[in-house]
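What follows is each chain in one-letter form.
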Amino acid sequence: MARARFISPEYIYKWTAIDSNVDADTLNPLIDKSQRKLETIIGNALYVKLSNDCPTYSGVYLTLMTDYIQPALASWVWYKSLQTINYKLTNKSVAKKGSDNSTPASMDELISMSKDLRNDSEDEFQRIINYLRDNTLSFPEYTQTSGLQIRPASDAYFGGLYVGNNRRSGSA
């Protein structure tokens, strides 16, 4: 079954700094990957509801999609694109793309930009979580989970290190 796309490359071109000369075939896998990230944020039940209704949303689901989800996805695609747009994988190597009319950004510049874009993207995903928590009665799928379904995230931020919650009882 094909997955419904909540945003298109045209949406990305309009709402991010990604230039329209970036091939849509480069962006589509990033859109799909971003939607998998979204599923971990909103949970499987709500994600399936939105996928099934795509693109004919109405009411609160239209507001959720246009005001929260689409901007968050565009932001995440922008963040993830920094890692792929400048490089081409071939059967011989990973090649860095270039141009006669521009100079590629340095690694330090890319790292700085990547951190800023990730922070912005996480903020956008946190806005979704906050909106859904404030409106749980309007989105019953947000609180519906069963079995091994992906449950909604409680927080969109990742600090870079997860040590788990397995703690030993007693003294060390």
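Residues numbered from 1 in each chain as written. Predicted model: local features only at pLDDT ≥ 70, side-chain atom pairs only at ≥ 80, totals over all residues. Heavy atoms only, no water.

1. Comments concerning helix H5 (residues 107-134)
- In a regular helix each residue adds 1.5 Å, so 28 residues correspond to 40 Å; H5 covers 40 Å between its end C-alpha atoms and thus fits that length.
- Every buried residue of H5 is accounted for by Leu110, Ser114, Leu117, Ser121, Glu122, Phe125, Gln126, Ile128, Ile129, Tyr131 and Leu132.
- Lining the buried residues of H5 we find helix H2 (24-42), helix H3 (44-53), helix H4 (59-81) and strand S1 (87-89). (Helix = DSSP H or I, 4+ residues; strand = E, 2+ residues; numbered from the N terminus. Expected span 1.5 Å × (residues − 1). Buried < 20%, exposed > 50% of the residue type's maximum accessible area, 1.4 Å probe, protein only. Contact = heavy atoms within 4.5 Å.)

2. Things to note about the environment of Arg127
- Counting through the fold element by element, Arg127 comes out in helix H5.
- Sequence separation between Arg127 and Asp67 is 60 residues, and the spatial gap between their C-alpha atoms is 9.8 Å.
- Discounting chain neighbours no more than four positions away, the residues touching Arg127 are Asp67 and Tyr68.

3. Section: unusual backbone geometry
- Of note, the amide linkage connecting Cys54 to Pro55 takes the cis form, showing an omega dihedral of 0°.
- With respect to the secondary-structure elements, Pro55 resides in the loop between H3 and H4.

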